[in-house]
Amino acid sequence: MTARRILGNFLNLSIGELIARLVSFAAFAHLARALGVTPFGRVGFVMTVVTYLLIPVLQGFDSVGIRDVSRAPHLVARYAGNILSIRLLSALTTWLLLLASTVALGVTPELRTLLLAFALTLFPSAASLKWTFQAAENNRPVAIAGILSQLVFAAGAFTVSDPGSLLLLALYALAGETVAAGFLAWQFFRRHGRPALDHTLWRTLFRESAPLTASTILGTLLFNFDVLALAWFQPASAVGLYTALYKLITLFAAPLTLFQLSVFPSLSRAYSGGADLGTAAAPVVRYLAAAFLPLPFAGLLMAGRTLALLFGPEYTAGDFTLQILLFSLPLMALRSFFRIILVSYNLQRLDLRGILAGALTNVVLDLLLVPRLGTLGAAISTLSSEVVIFAVSYRYIWQRVARLPVAASCWRPLLAATVMAAAARMLAPAPLAAQALAAGTCYVAALFLLRGLEWREIAALYRG
């Protein structure tokens, strides 16, 4: 596992994803203000339903494709053709089943139209070949596609000024996904020609992806059941508030997905080559701890002001909920790394056990807490489920792969975060931007003074 290669992959993805995420976040911040809490909650609910519909379309083929093609690059055309054909058939079947279900269940025409319109994004998602570039560690086309997708969507979203334009919002999302998928297809054809079709591979793909598909279902429950529970037990305004809050969490969590994609091919090759994981993975744990542990401390002091600035005063009621959600981010960072190790080492069934435990925790606590506590209960449920997944995944890593020093990697960032929190509290009367900049500077300075990170480590990454 080469540190410089992983860093290069991560930076290539990060630059594009950062731009795409910021554009997307700006678009949704505008929508939250323009639509108001209740209509924005309707959009959040529909988009949550579509994420569930994506599961039978995407399944676990991305991970299987990245793992196998990174080990044997000559298989890319064969895997691409078969995964593409399965997904397009699945997208058509899923959309037709949605149409039939909404008619049979008597869904109102307005909601049915909105659901079917947003569900059209299943087709460009099915056609996306981004996993082929990630397997080859050529992430620049993926970054460009992400930027194009969000720019197209945002260009339309900023024209939405009232709830009567929600259908147009679905069409803008479809246009963005279609542009991205088309760009990646063009890039793929230039490099590899036409994908090959071989039905004999389908059984292998389904067998290998089955545990990953189950993990995807459970992971989607983990991230989105909160919204469904709020929609069942609370008014639409609660859904809108929680959707806005969670956009901040996904903004911070985006680098985790990028990191997983960056390290996945190298981890897969390390397993097939019999390399020792412990030495290479220990610094990664330190970097993740250093990057994510200060976020909950910052949220304790700046959550309310941040929400008012980004979404408007009516969203400040969620400040305590956001503070709880931010405490889940360090756990999410570490367990994401543990999970990708398990999949890379062909231990996806152990990964499934961990995500199952977390999803069950989330569902049970949502059903118990959301009716009484609303968004606060959903946040407590999310934090609890992250604790469970972290503990189970770490146990499997410790027993089956390598002993990673988590506790030793966390105490210095925790001390530095305490210094940062004290500085932020003293600067509470200052403008939010000045407070955040000063607090961040204090954290970095304290972290280096405590040797939580050292300059020679950073330099070693660039030297590889």
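As the structure is a prediction and not an experimental result, all values here were calculated from the model.

### Details of the overall build of the protein chain
Summing up its helical and strand segments, the protein chain has 20 helices and zero strands in all. Across the 464 residues in the protein chain, those meeting the buried criterion constitute 54%. Intrachain contacts of the protein chain at a sequence separation of at least 6 include 85% that bridge at least 24 residues. Surface accessibility of the protein chain: about 19600 Å² in total, with carbon and sulfur atoms responsible for 68%.

### Comments concerning the packing of helix α2 (residues 37-58) against helix α5 (residues 109-119)
Two elements in contact, α2 and α5, have axes whose closest approach is 10 Å; the angle formed by their N-to-C orientations is 50°. Between α2 and α5, the angle is such that the two are oblique. Along this stretch, α2 crosses α5, giving a crossing that reads as right-handed. Contacts between α2 and α5 pair R42, V46, M47, V49, V50 and L53 from the former with E110, L111, L114, L115, F118 and A119 from the latter. Each residue belonging to the contact of α2 with α5 can be placed in one class, and the counts come to ten nonpolar, no polar and two charged.

### Here we look at helix α9 (residues 166-192)
Residue pairs spaced three or four apart in an α-helix point in one direction, given the helix's 3.6 residues per turn. The terminal C-alpha atoms of α9 lie 39 Å apart, and with 27 residues this matches the ideal 39 Å at 1.5 Å per residue to within 8%. Of the residues flanking the end of α9, it is G193, one or two places downstream, whose phi is positive at about 75°.

### Here we look at a nonpolar patch on the surface
Taken together, the side chains of L92, L96, L99 and V103 present a nonpolar region at the surface, about 320 Å² in accessible area. For L99, the location among the structural elements is in helix α4 (residues 76-104).

### Focus: the confidence of the model for the protein chain
When pLDDT is averaged along the protein chain, the result is 82, and 87% of the positions lie at 70 or above. Averaged over each element, pLDDT in the protein chain is lowest for helix α20 (residues 455-463) (55) and highest for helix α6 (residues 122-127) (93).

### Details of the pattern of salt bridges
Going through the model one piece at a time under the given rule, you end up with three salt bridges. A salt bridge links D62 to R87, with the nearest nitrogen and oxygen atoms 2.8 Å apart. With D62 in helix α3 (residues 61-71) and R87 in helix α4, this residue pair connects regions lying 25 residues apart in the sequence. Its relative accessible area of 2% is what places R87 among the buried residues.

### Quick look at the environment of T361
As for its placement among the helices and strands, T361 is situated in helix α16 (residues 348-373). Linking T361 and E386, residues 25 residues apart in sequence, is a C-alpha distance of 9.1 Å. Leaving out residues up to four positions away in the same chain, T361 has contacts with S381, S384, S385 and V388. There is a polar contact of 2.8 Å between the side chain of T361 and the backbone oxygen of A357.

### Some thoughts on the packing of aromatic side chains
If you walk through the whole model with that rule in mind, you get twelve aromatic pairs. Between the aromatic rings of F28 and F40, the centroid separation amounts to 6.4 Å while the plane-to-plane angle is 65°, which identifies the pairing as edge-to-face. Of this pair, F28 sits in helix α1 (residues 3-35) while F40 sits in helix α2, and the two are twelve residues apart along the sequence. On the basis of an interplanar angle of 70° and a centroid distance of 5.7 Å, the ring pair of F61 and F206 is categorised as edge-to-face.

Criteria and cut-off values
Along each chain, residues carry numbers from 1 onward, in the same order as the chain's sequence is written. Confidence filtering applies because this is a predicted model: local features only for residues at pLDDT of at least 70, side-chain atom pairs given and counted only at 80 or more, and all residues used for totals across whole chains, interfaces and linings. Excluding hydrogens and water, the side-chain figures rest on all heavy atoms present in the structure. For helices the rule is a DSSP run of H or I covering at least 4 residues; for strands it is a run of E covering at least 2, with both sets numbered from the N terminus onward. Only protein chains enter the calculation, and the probe is 1.4 Å; a residue is then buried if its accessible area is under 20% of its type maximum, exposed if over 50%, and partly exposed in between. Two residues qualify as a contact provided that any one of their heavy atoms is within 4.5 Å of a heavy atom in the partner residue. Exposure was quantified through the Shrake-Rupley algorithm and a 1.4 Å probe, taking into account, for residues, occlusion by the shown protein chains and nothing else. In this analysis an axis means a line fitted to C-alpha atoms, helices contributing only their contacting stretch, and an angle means the value between N-to-C directions, from 0 to 180 degrees. Reported orientations rely on four angle classes, namely roughly parallel under 35 degrees, roughly antiparallel over 145, roughly perpendicular from 65 to 115, and oblique for the rest. Should the near helix be turned counterclockwise from the far one by less than a right angle, the crossing is left-handed, whereas a clockwise turn marks it as right-handed. Lys, Arg, Asp and Glu make up the charged group, whereas Ala, Val, Leu, Ile, Met, Phe, Trp, Tyr, Cys and Pro make up the nonpolar group; the residues left over, Gly among them, are polar. Multiply 1.5 Å by the residue count of a helix minus one, and that product is the helix's expected span. Candidates for patches are residues over 30% relative accessible area with no salt bridge; among them, like charges are joined within 9 Å and nonpolar side chains (Val, Leu, Ile, Met, Phe, Trp, Tyr) within 5 Å. Take a side-chain nitrogen of Lys or Arg and a carboxyl oxygen of Asp or Glu: if they are within 4 Å of each other, that pair is a salt bridge. How sure the predictor is of each residue is captured by pLDDT, a score from 0 to 100. In protein, a polar contact means a hydrogen-donor-capable atom and an acceptor-capable atom, both N or O and within 3.5 Å, with residues adjacent in sequence counting only if both atoms are side-chain atoms; elsewhere, any N or O pair within 3.5 Å suffices. For Phe, Tyr and Trp, rings pair up if their centres lie within 6.5 Å, where Trp contributes its six-membered ring, and each pair is then called stacked (planes under 30 degrees apart), edge-to-face (over 60) or tilted (otherwise).

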